[in-house]
Amino acid sequence: MDTTCINTVRVLAADMVKTAKSGHPGTPMGCAPVAHVLFSQFVNVDPKESHWPNRDRFLLSNGHACALQYIMLHFLGFQLSMEDLQNLRKVNSSTPGHPERGHTDGVEVTTGPLGQGIANAVGLAIAEAHMAATFNKPDYPLIDHYTYVLLGDGCLQEGVQSEACSLAGHLKLGKLIAIYDDNKITIDGSTKLSFTEDVLRRFEAYGWHTLSVSDGDKDLDSIQQAIEEAKKVTEKPSLIKIYTTIGFGSENQGNEKVHGSSLKEQDIVQLKKKFGFDDKKDFQVPSTVYDYYHKRAKACGRIREAWNQLFSRYSEAYAKEAQDFKRRMAGELPDGWKETLPRYTAKDKPQATRKLSEALLTQITTAIPELVGGSADLTSSNNTRWEKAVDFQAPSTGLGNYSGRYLRYGVREHGMFAIMNGMAAYQGIIPFGGTFLNFLTYGWGAARLSALSRLRVLYLMTQDSIGLGEDGPTHQPIETLALARATPVMLTFRPADGNEVSGAYLVAMERKNGPSIFSLTRQDLPQIDGSSIEGVQKGAYVIEPASDSNPDVIIVATGSEVPISLESVQILRKKNIKTRLVSMPCTELFDEQSLEYRQSVLLKGVPVVSVEALSTFGWHKYSHAQVGMTTFGVSGPYKDVYEHFKITSDHVAEVAENAIQYFKKHGHVPELFPQFRSCSKDIEKT
């Protein structure tokens, strides 16, 4: 029966890629034995309730091999039909070219960019350890499952993998089992060309338990025994290296030709004959294969039902904890948490927005226990560690425990971002992580996947402009916010004071289906008279105390440039120039507002000047003239740097006057919001 199941996977994978006219048949064909052993004996998932909390998590880190995952989910009875397999890589199919979370039933995370999946798996394993330490009670092992991840040579060459796996070894994540498909082939050819390191020794140095299986093509017993041995090691994650033959059964097996293109027609014919299938028929699955996997699915269903009974007893014994567990897994926030958000008046002392964020975290982390955060070795700069925080560490180290909620990521920005994606995908945890805004692009591959996967992840990015000062252009972000703002689903906040920091957290926390970037200052900023938590929810709003009716000019600013612009308003008023000041902490939220509201803020027929100490790219959408950066920064005290680039109240006032005169001369102020929508189809509203 095992042989029939395995060969069915191989032939189906070849048919799927042939029908799609693109894809990757080689790895599914080579890894069929590994997948069969995993899903028939180890991975406990129930297609009738695909999100039950104590299921095992399976991730396909080498997401190009998605045909393999889709086939296994189909066999088990997830919501993937034979027609779905036949529609691999077609528009609106349930079987896209790489696995996508929320798109395909049974897929835990979005993978494809190599290395991301294994890093996500570390996040899932962290989440499992944390949730178990938080909710398990004597005789009630509510959370007690494994995270399995399949990865290949490509994943092991990506830097994000190294960052995440190094941390996993340090954290002693014994419930994480990675299976390395060592087929010795990449797109360019043999791994002898570029990848000859001893992977197992590297992982041993990380603190992992390692094993090896010499024949992954046929030796099912050794694969099974290796996984069983890995499960026995509880204080180390495990890496099992399994030698396989890519494209097993093809005339080109063991060759890069089977990696990323369909098998030739005659090759598929011989493949089917070799494995006992009708060479004139496509997409054949013997009924015995369905029977075998449906039997396995029923067994997993009984495991899930037993867990449901356990949770029922747990609910009686620990009613409060059970209610909190259900709330967290549903992604709902606790009642009353918004009352903990700090509010400020203009009389409160100036503070950097990173410090205001720290004060807010100290307030809301008690009210929202699912907030779990950390920093990439910049805790004191990012101000991400709240009072009374306990570190998430292996209990045996004496540095903390698994119920701790503060993660020391080390200097691993990319790994941190990818790990947060895994934690968010687990459910029950809202992760946040801190580094300098300029280093957002160090981990951009993972940040982009936060948005694509619609995960509630909070990026607390400090030292957010040329206001960083002395560290100079290597650390001063210029283009970074333009990139974030151009990314679908992602929200980008640049708050100007304490109320706007609170407003940014309010929106980010309540938004279940997308990440948020917080752009926070190093330098102190005054509390603005007229700033508003509620105003942030609309993306931009008028600072009324600093605004005149029937203005001659509008100044729109973000973050640290709002107080600069406030001074500009005062300069202009002395010249009898009526001015309106608009704070725009989130351009994306402003774009979501009605045309009527947007035109009530940025009035038709009135020149608008934007002010932001980052790139002016993108500001032409909201303004007629821009004060900002068009070059990289310079090193120096931040006030001198602002002066150097003329991002000052005097210069802003001068630009505003020039804009008024220019449009008076030309007799017309162009509209900022045309009535026509974007050409791209607005498929769904975030």
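Residues numbered from 1 in each chain as written. Predicted model: local features only at pLDDT ≥ 70, side-chain atom pairs only at ≥ 80, totals over all residues. Heavy atoms only, no water.

J.: Pulling in residues and values, what's your account of the side chain of R55?
T.: The topology assignment puts R55 in the loop between α2 (26-42) and β1 (57-60). Its relative accessible area of 3% is what places R55 among the buried residues. One polar contact links the side chain of R55 to the main-chain carbonyl oxygen of S50, over a distance of 3.3 Å. When neighbours within four sequence positions are excluded, R55 is seen to be in contact with N44, V45, S50, E108 and H145. (Helix = DSSP H or I, 4+ residues; strand = E, 2+ residues; numbered from the N terminus. Buried < 20%, exposed > 50% of the residue type's maximum accessible area, 1.4 Å probe, protein only. Polar contact = N/O pair within 3.5 Å; in protein donor to acceptor, adjacent residues only side chain to side chain. Contact = heavy atoms within 4.5 Å.)

J.: Help me get a handle on the pattern of salt bridges, residues and values and all.
T.: Applying the stated criterion to the full structure yields 29 salt bridges. Residue E49 pairs with R304 through a salt bridge whose shortest N-O separation is 3.2 Å. Separated by 255 residues along the polypeptide, E49 in the loop between α2 and β1 and R304 in helix α11 (residues 287-317) bring together distant segments of the chain. By relative accessible area, E49 is classed as partly exposed at 31%. Notably, a salt bridge pairs E561 with R494, separated by 2.5 Å at the nearest N-O pair. Here R494 lies in the loop between β12 (491-493) and α18 (498-510) and E561 lies in helix α20 (residues 561-574), a separation of 67 residues in the sequence. (Salt bridge = Lys/Arg side-chain N within 4 Å of Asp/Glu carboxyl O.)

J.: Report on helix α9 (residues 220-232), specifying residues and quantitative values.
T.: Given a rise of 1.5 Å per residue, 13 residues ought to cover 18 Å, and the 19 Å separating the end C-alpha atoms of α9 matches this to within 8%. The set of residues buried in α9 consists of L220, I223, A226, I227 and A230. One side of α9 carries all its buried residues, which in axial view fall inside an arc of 130 degrees. Elements that come into contact with the buried residues of α9 comprise α1 (2-20), α2, β2 (147-152), β3 (176-182), β6 (209-213) and β7 (238-243). (Expected span 1.5 Å × (residues − 1). Arc of directions from axis to C-beta.)

J.: Kindly report on the sheet that holds β1, identifying the contributing residues and their values.
T.: With parallel pairing, the 5 strands of this open sheet are ordered in space as β1-β2-β3-β7-β6. At either margin of the open sheet sits one strand with a lone partner, and together these are β1 and β6. Strand-to-strand twist in this sheet, taken as the mean axis angle between neighbours without regard to direction, amounts to 15 degrees. Where β3 meets β7, 6 bridges bridge the pair, whose relative direction is parallel. Directly across from Y180, in β7, lies its bridge partner K241. Here helix α8 (residues 199-206) sits on the sheet and contacts β3, β6 and β7; the angle it forms with β6, its principal contact strand, is near 160 degrees. (Pairing = 2+ DSSP bridges. Axes fitted to C-alpha atoms, helices over the stretch in contact; angles between N-to-C directions.)

J.: Which residues make up a negative patch on the surface, and what values go with them?
T.: On the surface, a cluster of negative charge is made up of E567, D640, E643, D650 and E654. Here E567 shows up in helix α20. Take E567: its relative accessible area is 42%, and that puts it in the partly exposed class. (Patch = residues over 30% accessible without salt bridge, like charges linked within 9 Å, V, L, I, M, F, W, Y side chains within 5 Å. Areas by Shrake-Rupley, 256 points an atom, 1.4 Å probe, with all protein chains shown as cover. Lys, Arg positive; Asp, Glu negative; His and termini not counted. Charge placed at Lys NZ, Arg CZ, Asp CG, Glu CD.)

J.: How would you sum up the confidence of the model for the protein chain? Please name residues and give values.
T.: For the protein chain, per-residue confidence averages 96 on the pLDDT scale, and 98% of positions sit at 70 or higher. This model gives residues 679-686 a pLDDT under 50, and the stretch forms 7 contacts once residues within four places in sequence are excluded. (pLDDT = per-residue confidence, 0-100.)

J.: Tell me about the packing of aromatic side chains, and name the residues and values.
T.: The relation between two aromatic rings is expressed through the spacing of the ring centres and the mutual angle of the planes. Scanning the model with the defined rule gives 29 aromatic pairs in all. Each ring, one from Y314 and one from Y318, has its centre 5.4 Å from the other, and the planes form 40 degrees; the classification is tilted. Using a relative accessible area of 0% as the deciding quantity, one classes Y314 as buried. An angle of 90 degrees between the planes, with centres 5.1 Å apart, marks the rings of Y662 and F663 as edge-to-face. Note on F663: relative accessible area 11%, which makes it buried. (Phe/Tyr/Trp six-rings, centres within 6.5 Å; stacked < 30°, edge-to-face > 60°.)

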